[in-house]
Amino acid sequence: MTSKATNQELQQRKNAATPRGVGVMCDFYAERASNAELWDVEGRRFIDFAAGIAVLNTGHRHPKLLDAMRAQLDKFTHTAYQIVPYASYVELAERINAVTPGNYPKKTAFFSTGAEAVENAIKIARAYTGRPGVIAFGGAFHGRTMMGMALTGKVAPYKLGFGPFPGEVFHAPFPSALHGITTEQALDAVKALFKNDIEAKRVAAIILEPVQGEGGFYAAPADFMRGLRAICDEHGILLIADEVQSGYGRTGKLFAMEHYDVLPDLITMAKSLAGGMPLSAVNGRAEIMDAPAPGGLGGTYAGNPLAVASALAVLEVMEEEKLPARGQRLGDKLQEHLNEWRSAVPQIAEVRGVGAMVAVEFADPATGKPDAEYTKKVQQHALNNGLLLLTCGSYGNVIRFLFPLTIPDTVMDEALGILAKAIKLA
Ligand SMILES: Cc1ncc(COP(=O)(O)O)c(C=O)c1O
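Given the structure is predicted, the values throughout are model-derived calculations rather than measurements.

Novice: Pulling in residues and values, what's your account of the layout of surface pockets?
Specialist: Computed from the structure, the second largest pocket encloses a volume of approximately 470 Å³. Along the wall of the second largest pocket there are 23 residues; nearest its centre are Tyr89, Thr108, Ala109, Asp290 and Leu297. Breaking the lining of the second largest pocket down by element, the ones donating at least two residues are helix 4 (87-99) and strand 4 (106-111). Partitioned by chemical class, the residues of the lining of the second largest pocket number 13 nonpolar, seven polar and three charged.

Take a look at the structure:
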C-alpha cells in the first residue's frame, strides 16, 4: 500500500507520524534495491554510496545472503539463544574467533546493534579489570545509548539535551596531522588524564575506532596505536577497537586492526557483519570475554537466527569474492580520481583513506577553514544526479564513500562521472 503513495505524500505522513529527532537525510522513499543501486517509490534510480551507513559491504540483497536467510526462515526465526541455543550462533562465533587478529584463544558474544556491542565491551572490560574508568577520543562516535553517548566525542547532535551520562568517561584528542594534533600530543593528553582526572589503575579500558567513521575517516597513525598499547600494557588497561564502521572488509582487510602491529584486547563489530540484518558482536581474548557471570551478557534478540545465517553467508562472500582486496582496488581508484581533481578544485583540503574507507575533506581556500557549505553543495549536486553520498566530520566538511565492495565496475565508473561533476561544479 505504501509503495503506491508518492514521495511527497509519504513525507507529509512521516512528518505527522514520526518525531523530528529521527533525522532523515533523503526526502524520497525506498521501493527496492539491488547491489549498489536503489529505486524510490516513484521509480527514480540512485547509486548507493551510503550503503545503509556502511552496512552493505556485500551490496543490497546479495543472492547468497538471501538464500541463507530463506533456508533459515523455513527452519525457525527465533528461539532466544539464551533459552534454546542453535548451532549457527556457535559456528559464527568460531568463524569470527578464527578471522579476528591475534593468535590466542578467543570468544565472541552477539548482540543486535553497534551501540549494544560497545556497551557490552565496556561491561566486559569493567568486569575483567574491576575498574570503572574509560578513555575515549574527540570526534569518536560510539552510538546513541547512554554509554554510547558518554563515549562519543561530539556534542551536537548526539548528546544535546540527553545528559547526565554515565560517569568515569574521559576524552583525549584524536591525532590528525591536518588539524595540527600530533601523535605525541594525543598520547600526552591521555597521560595528562592520569594526572588531572583519574589515576591509571582505575581505568578499565581505552576505546578507539582504528579509523574514525562519523568523526571524519581519520586513521589512527601506527605510532599512536603502538603508544596506546604501551600505555595499556604499563597500567593493566584493556584496549578496545571499535570496528563497527571500519570492520568487515571496508579498509582492504577484514578488520582495520590488521593494518597495525599491535593487537586490541576486545573488538566490537556490527554494520556489514550481517549484510543488512541487525547483528553486532564483541570478540576478544577468552579469559577477558569470560569475566562477566552467566546471565550478565545477552538480550532477547541478541544473535537472531536470520541475522546469524546472513552473517555466515557474508563471511563466505567476503572470501569467495575477495571483497577486502576488491575494496582496496576500488578505494585506490577513487583516491586517484579525487587527487586528479584537486588542481581544478582548490576546496579539496585532503584526500585520504584506508582501502575502501575513503574520504575527501573540503576547506575554504582563502581561510583554510572547514567548508561545510561547499560539502553540502557537492552532496546535493550528486544526489540531484542520482548518487547518494554521506558527509561526516566534526565540522560536517567531509564526504565519506561507503559504496558496496560488490559494486560492478560500470556502476562505479558512472558514479565517478557524477562525482566529478558534483565536486567541480558545486
Ligand atoms: C564506530 C561506531 N561505533 C558504534 C556505532 C553505533 O552503531 P549502531 O548505530 O548500530 O548502534 C557506530 C554507528 O555509526 C559506529 O560507527
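And the narrative resumes.
Novice: With reference to specific residues and values, describe the sheet that holds strand 3 (residues 45-48).
Specialist: In space, the four strands of this open sheet follow the order 1-2-3-13, with mixed pairing throughout. If you trace the sheet from one side to the other, it starts and ends with strand 1 (30-34) and strand 13 (387-388), each paired once. Pairing of strand 2 (residues 37-40) with strand 3, which is carried by three bridges, proceeds in the antiparallel orientation. When the sheet's bridge partners are listed, Glu37 is paired in strand 3 with Ile47.

Novice: Lay out helix 7 (residues 183-196) in plain terms, naming residues and giving numbers.
Specialist: Between its first and last C-alpha atoms helix 7 spans 20 Å; for 14 residues at 1.5 Å apiece the expected length is 20 Å, and the two agree. Within the sequence span of helix 7, burial applies to Thr183, Ala186, Leu187, Ala189, Val190, Leu193 and Phe194. Elements that come into contact with the buried residues of helix 7 comprise strand 5 (133-137), strand 6 (169-172), strand 7 (203-208) and helix 8 (222-235).

Novice: Now, about the packing of helix 11 (residues 323-341) against helix 13 (residues 409-425): what can you tell me, with residues and values included?
Specialist: Relative to each other, helix 11 and helix 13 sit at 25 degrees, their axes nearing to 11 Å. Our classification of the angle between helix 11 and helix 13 gives roughly parallel. Between helix 11 and helix 13 lies a crossing whose hand is right-handed. Between helix 11 and helix 13, the residues in contact are Arg326, Leu330, Lys333, Leu334, His337, Leu338 and Trp341 and Asp409, Met412, Asp413, Leu416, Leu419, Ala420, Ile423 and Lys424, respectively. Residues belonging to the contact of helix 11 with helix 13 are distributed by class as follows: nine nonpolar, one polar and five charged.

About the cut-offs
Residues numbered from 1 in each chain as written. Predicted model: local features only at pLDDT ≥ 70, side-chain atom pairs only at ≥ 80, totals over all residues. Heavy atoms only, no water. 1 Å grid on protein atoms, 1.4 Å probe; cavity = no way out; pocket = protein on both sides within 12 Å on 5 of 7 lines; lining within 4 Å. Points joined across faces, edges and corners; volume = space filled by probe spheres on them. Helix = DSSP H or I, 4+ residues; strand = E, 2+ residues; numbered from the N terminus. Nonpolar A, V, L, I, M, F, W, Y, C, P; charged D, E, K, R; others polar. Pairing = 2+ DSSP bridges. Expected span 1.5 Å × (residues − 1). Buried < 20%, exposed > 50% of the residue type's maximum accessible area, 1.4 Å probe, protein only. Contact = heavy atoms within 4.5 Å. Axes fitted to C-alpha atoms, helices over the stretch in contact; angles between N-to-C directions. Parallel < 35°, antiparallel > 145°, perpendicular 65-115°, else oblique. Left-handed = near helix turned anticlockwise from the far one by under 90°.

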